[in-house]
Amino acid sequence: MTLIVRTVTRLTIGLILLYGLYIVLHGHLTPGGGFAGGVIVALSFINLTLAFGGKTSAGVFSGESAHLVEALGAIMFLALALLGLQWGGFFDNFIHADGEPGMLVSAGIIPLANIAILLKVGAGIFSIFLALIVVQNFEEGDRQ
Amino acid sequence: MIELYVLLGLMIAGAVIAVEVKDLLSAVIAVGVVGLALSIAFLLLRAPDVAITQIVVEIAAVILLIRATLNRDISSRPSAGRPFGAVMGLAFLGLGVLASLTAFPEGLSPFGSPLMTVSAFYPADAMSGTGATNVVSAVILDYRGYDTLGEATVLFTAVVGVLAVMRATGRRDAEGSGESHG
């Protein structure tokens, strides 16, 4: 990509990532949540890949670690659901007594579930993107 | 409510343009217009959660489509000269309109008016029951956790499918017989 895109990306990518994390961490307080924030976080990595190429982004977050993080998110979400069995039932909100409503640390397992969905959705969208880009690079290499 | 109908008209126009236009990049941009109008429509219907999700997923989808279609000459598109398909499409559209007219003789009830009992319970109970001030989050992650688990499974299946179909090694093996795949 051109110098303009790279410079703008370097300036804004941290802000995009932070905004995605904000949306996820405040998912139980304000509109948003794990899915939307996860896609925004994935978009910041997609931005990095588009501006600086696959090698730079693989140094930050490679495709293999994306697969790992996605599976980790799925396991974390299932583990939260199964932990509820200990107290009441599947998906029981077992720590909701702590924290007052409206504070960042409140609502029991909901923020944790949001973080699990962030890992799952962010890494999933990013690995889909990487798969499509890698295939396209192969085809361009074949044509030349 | 008039702005909602303007947005709906814009979405229909964008969808028709996306199907009819010859240039793939223009089609992708028209699809993006549909998604953006849908996001604003969600905002007007007071669903900010869905609006945020819609706009970020739309951005990701447009980036993916542009990367997947740009610099690639896919010339095969359905030819316009297929009267049978157009006639059948119009016939089924008319059938649907006729069926809905007979099903709702005095028109549809206003948006969101026949509230289910459970949708009155969720806003009342969400604060005390879960401690979350965002009722939507409380519903999708606490009351309806099963739904979210199913959604996550759907996304997981989609990712596995994409990775299985688009993996690089399979493409390399098929290099010799690449012509037959088109």
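Everything numeric in this text was worked out from a predicted model, so none of it was measured.

(A) Broad picture of the domain arrangement of chain B. Each assigned domain of chain B is listed here: domain 1 (1–71) and domain 2 (117–174). A C-alpha centroid distance of 22 Å is found between domain 1 of chain B and domain 2 of chain B.

(B) The packing of helix H5 (residues 117–130) of chain B against helix H6 (residues 135–143) of chain B, seen in detail. All names here are of chain B. Here H5 crosses H6 at 75°, and the two axes come no closer than 10 Å. Comparing their axes, H6 and H5 come out roughly perpendicular. On the side of H5, the interface is formed by Tyr122, Pro123, Ala126 and Thr130, while H6 contributes Val135, Ala138, Val139, Asp142 and Tyr143. By residue class, the composition of the contact of H5 with H6 is seven nonpolar, one polar and one charged.

(C) Up close: helix H4 (residues 83–103) of chain B. With 21 residues, H4 of chain B extends 30 Å from end C-alpha to end C-alpha; this agrees with the ideal 30 Å at 1.5 Å per step. Burial analysis of H4 of chain B places just zero of its 21 residues in the buried class, which makes it a mostly uncovered element.

(D) Seen up close, the environment of glycine 14 of chain A. Residues and elements named next belong to chain A. Note on placement: glycine 14 falls in helix H1 (residues 3–25). For glycine 14, a count of 10 C-beta atoms within 10 Å corresponds to the exposed category. In the structure, glycine 14 is positioned 30 residues away from serine 44 in sequence and 7.9 Å away in space, judged by C-alpha atoms.

(E) Structural view of the nonpolar core. Ranked by internal contacts, the top residues of the largest apolar core, which has 48 residues, are Val39, Ala42, Phe77, Ala113, Ile117 and Phe126 of chain A. Elements represented by at least two residues in this core include exactly H1, helix H2 (34–60), helix H3 (63–87) and helix H4 (110–143) of chain A together with helix H3 (48–69), H6 and helix H7 (145–165) of chain B. Looking at this core, the element that brings in the most residues is H4 of chain A, giving 16 residues. The residue makeup of this core includes at least three contributed by each of domain 1 (1–71) and domain 2 (117–174) of chain B. Residues in contact with valine 39 of chain A, not counting those within four places in the same chain, are Val121 and Ile125 of chain A together with Val56, Val57 and Ala60 of chain B.

The rules behind each value
Residues numbered from 1 in each chain as written. Chains lettered and ligands numbered in written order. Predicted model: local features only at pLDDT ≥ 70, side-chain atom pairs only at ≥ 80, totals over all residues. Domains from an automatic or database assignment. Axes fitted to C-alpha atoms, helices over the stretch in contact; angles between N-to-C directions. Helix = DSSP H or I, 4+ residues; strand = E, 2+ residues; numbered from the N terminus. Parallel < 35°, antiparallel > 145°, perpendicular 65-115°, else oblique. Contact = placed C-beta atoms within 7 Å. Nonpolar A, V, L, I, M, F, W, Y, C, P; charged D, E, K, R; others polar. Expected span 1.5 Å × (residues − 1). Buried ≥ 20, exposed ≤ 12 C-beta atoms within 10 Å, placed from the backbone. Core = buried A, V, L, I, M, F, W, Y, C linked by C-beta atoms within 7 Å.

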